[in-house]
Amino acid sequence: MCIRDRYQRRVHGIIVIQMSKTKEEYLFLARMSEQAERYDEMVEYAIEFTKKTKGELTLDERSILSVAFKNAVGSRRASWRVLTSVEQKEEKKEKGQVEKVRKYKQIIEKELKDFCEKVLGLVDHTLIPSTTSEETKVFYHKMKGDYCRYLAEFQKGEAKDGSSNKALEAYQAAYTLAEAKLASTHPIRLGLALNFSVFYYEIMQQSDKAIEMAKKSFDEAIANLDNVTDESYKDATLIMQLLRDNLTLWNSDAPEEQQSLTRNESLNILSLIHI
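Note that this is a predicted model, so its numbers are computed, not measured.

What counts and what doesn't
- Residues numbered from 1 in each chain as written.
- Predicted model: local features only at pLDDT ≥ 70, side-chain atom pairs only at ≥ 80, totals over all residues.
- Heavy atoms only, no water.
- Helix = DSSP H or I, 4+ residues; strand = E, 2+ residues; numbered from the N terminus.
- Areas by Shrake-Rupley, 256 points an atom, 1.4 Å probe, with all protein chains shown as cover.
- Axes fitted to C-alpha atoms, helices over the stretch in contact; angles between N-to-C directions.
- Parallel < 35°, antiparallel > 145°, perpendicular 65-115°, else oblique.
- Left-handed = near helix turned anticlockwise from the far one by under 90°.
- Contact = heavy atoms within 4.5 Å.
- Core = buried A, V, L, I, M, F, W, Y, C linked by side-chain atoms within 4.5 Å.
- Buried < 20%, exposed > 50% of the residue type's maximum accessible area, 1.4 Å probe, protein only.
- Salt bridge = Lys/Arg side-chain N within 4 Å of Asp/Glu carboxyl O.
- Phe/Tyr/Trp six-rings, centres within 6.5 Å; stacked < 30°, edge-to-face > 60°.
- Nonpolar A, V, L, I, M, F, W, Y, C, P; charged D, E, K, R; others polar.
- Expected span 1.5 Å × (residues − 1).
- Arc of directions from axis to C-beta.
- Disulfide = S-S within 2.5 Å.

Visitor: I would appreciate a short explanation of the overall build of the protein chain in the present structure.
Guide: Helix and strand counts for the protein chain come out as 10 helices and two strands. Across the protein chain, helices and strands are ordered from the amino to the carboxyl terminus as β-β-α-α-α-α-α-α-α-α-α-α. Carbon and sulfur atoms provide 50% of the accessible area of the protein chain, an area that totals close to 15,100 Å².

Written as structure tokens, this is what we have:
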């Protein structure tokens, strides 16, 4: 084996000896990593097969990439929320360990930032430029909006404003294209409406806008439910249920703990249906 075919990479503190592989080998390793629930490694393999792809990713390849980042980032978002809760409790104690909790949160935030910047770099420089189909363009613009939103969840000041503005721009580009090119019952369009409305509610603090968008998308999907294809029916109705759940919460005086629980459940479901 030639020396040029071997190189070292440090992945989350672990030095990994890698060999140059074909796209098919990276795809196999990504699928194997998913089965083993080793999502950090799945991300690395997904990045590699994406870089080796000429033209657009297939639907299956796109799903693998999405699942890899969704799980790697999702677990850290959950950790960050737990630590935020711990931090708030420690602040109320006379001799709380606030600084220790904050230092731990900073570690999680750095990992979140690294993963989000990786996927955003792929979306901006590789995925969107190589895409020709409207459905795929909506998917990637939505993906960009999602990961900018995840950054805005923990950032502060100018950094938060920058990520929020980028998320709004990406979501709006996806939403405009989805309304023009995708059916109201299409799972990607519905998933976009769900996430975009959550962005308005949680990040922009515009509850009226969030409710208006969620209700409009739900009502339009209900009106066309008879025309949904069999293969999309399960995903479409599942997302519609999530839209309705959010509308119920946002129109009520539900406590924040209940809202957070529903959001976490939604994230878990959405990661399973790969939108």
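Back to the text.
Visitor: Even after reading the chapter, I still don't get the packing of helix H5 (residues 134-154) against helix H6 (residues 157-181), so can you show me in this structure?
Guide: When two helices pack together, their arrangement is given by the angle between the helix axes and by the axis-to-axis distance. Orientation of H5 relative to H6, taken along the N-to-C sense of each, is 155 degrees, at an axis distance of 8 Å. By the criterion of interaxial angle, the relationship of H5 to H6 is roughly antiparallel. Crossing handedness for the pair H5 and H6: left-handed. Between H5 and H6, the contacting residues are Glu134, Lys137, Val138, His141, Lys142, Lys144, Gly145, Asp146, Cys148, Arg149, Leu151 and Ala152 on the first element and Lys160, Ser163, Ser164, Lys166, Ala167, Ala170, Tyr171, Ala173, Ala174, Leu177, Ala178 and Lys181 on the second.

Visitor: What's the story with the nonpolar core in this structure? I'm lost.
Guide: Side chains of nonpolar character tend, in soluble globular proteins, to be buried together. Of all hydrophobic cores here, the largest spans 71 residues; its most connected members are Phe49, Leu65, Phe69, Val138, Met143, Tyr147 and Trp250. If we ignore the near neighbours within four places in the chain, the residues touching Phe69 are Val43, Ile47, Gly74, Phe115, Lys118, Val119, Leu122 and Tyr147.

Visitor: So what exactly am I meant to see when it comes to the pattern of salt bridges here?
Guide: A side chain with one charge may pair with a side chain of the opposite charge, provided their charged atoms come close. According to the stated counting rule, one finds 23 salt bridges in the structure shown. Connected through salt bridges with shared partners, the residues Arg77, Lys142, Asp146, Arg149 and Glu153 form a single ionic network.

Visitor: Sorry, what's going on with the packing of aromatic side chains here?
Guide: Describing an aromatic ring pair means giving the distance of the ring centres and the angle of the ring planes. Tallying each qualifying case throughout the model produces 11 aromatic pairs. Relative to Tyr45, the ring of Tyr26 has its centre 6.4 Å away and its plane inclined at 35 degrees; by these criteria the two rings are tilted. Linking Tyr26 in helix H1 (residues 23-35) with Tyr45 in helix H2 (residues 39-51), this pair joins segments that are 19 residues apart in sequence. Just as Tyr26 is buried, Tyr45 falls in that class too. Between Tyr171 and Phe196, the aromatic rings sit 5.1 Å apart at their centres with planes inclined by 25 degrees, giving stacked as the arrangement. Residue Tyr171 is found in helix H6, and its partner Phe196 is found in helix H7 (residues 187-203); the two are separated by 25 residues along the sequence. Taken together, the ring pairs in this structure connect Tyr171, Tyr175, Phe196, Phe199 and Tyr200 into an aromatic cluster.

Visitor: Explanation requested: unusual backbone geometry in the structure shown.
Guide: Most peptide bonds adopt trans geometry, and most residues besides glycine take a negative phi value. We note that Glu37 has phi near 60 degrees; this positive angle belongs to a residue other than glycine. With respect to the helices, strands and loops of the structure, Glu37 is situated in the loop between H1 and H2.

Visitor: Whenever I open this one, the side chain of Ser164 confuses me. Can you help?
Guide: Tracing the chain through its elements places Ser164 in helix H6. Discounting residues that sit within four places of it in the chain, Ser164 has contacts with Ala152, Phe199, Ile203 and Met204.

Visitor: Would you mind showing me how to read the packing of H1 against helix H3 (residues 59-91) here?
Guide: The interhelical angle for the contact between H1 and H3, taken along N-to-C directions, is 50 degrees, at an axis separation of 11 Å. Comparing their axes, H3 and H1 come out oblique. Crossing of H1 against H3: the hand is left-handed. For the pair formed by H1 and H3, the contact residues are Lys23, Leu27, Ala30, Arg31 and Glu34 on the first element and Asp60, Glu61, Ile64 and Val67 on the second. Grouping the constituent residues of the contact of H1 with H3 by class yields four nonpolar, no polar and five charged.

Visitor: How should helix H8 (residues 207-223) be read in this particular structure?
Guide: Note that an α-helix has 3.6 residues per turn; residues three or four places apart therefore point the same way. The terminal C-alpha atoms of H8 lie 24 Å apart, and with 17 residues this matches the ideal 24 Å at 1.5 Å per residue to within 8%. Within the sequence span of H8, burial applies to Ala210, Ile211, Met213, Ala214, Ser217, Phe218 and Ala221. End-on, the buried residues of H8 take up no more than an arc of 165 degrees, which puts them together on one face. Of the exposed residues in H8, the ones pointing more than 90 degrees away from its buried face are Asp208, Glu212 and Ala223.

Visitor: Explanation requested: the state of the cysteines in the structure shown.
Guide: The term disulfide refers to a covalent linkage connecting the sulfur atoms of a pair of cysteines. Evaluation of the coordinates by the stated rule reveals zero disulfides. No disulfide involves Cys116; its sulfur sits 8.2 Å from the nearest other cysteine sulfur, which is in Cys148. Residue Cys148 is classed as buried on the basis of its relative accessible area of 3%.

Visitor: Looking at this structure, how should I read the environment of Ala72?
Guide: Along the chain, Ala72 turns up in helix H3. Its relative accessible area of 1% is what places Ala72 among the buried residues. For Ala72 and Phe115, which are 43 residues apart along the polypeptide, the C-alpha to C-alpha distance reads 7.8 Å. Those residues in contact with Ala72 that sit more than four places away from it in its chain are Tyr39, Asp40, Val43 and Phe115.

Visitor: Just checking my understanding: could you explain H6 for this structure?
Guide: Taking 1.5 Å per residue as the helical rise, H6 with its 25 residues ought to reach 36 Å, and the 36 Å between its terminal C-alpha atoms agrees with that figure. Turning to H6, its buried residues number three or more, namely Ser163, Ser164, Ala167, Ala170, Tyr171, Ala174, Tyr175, Leu177 and Ala178. Next to the buried residues of H6 lie H5, H7 and H8.

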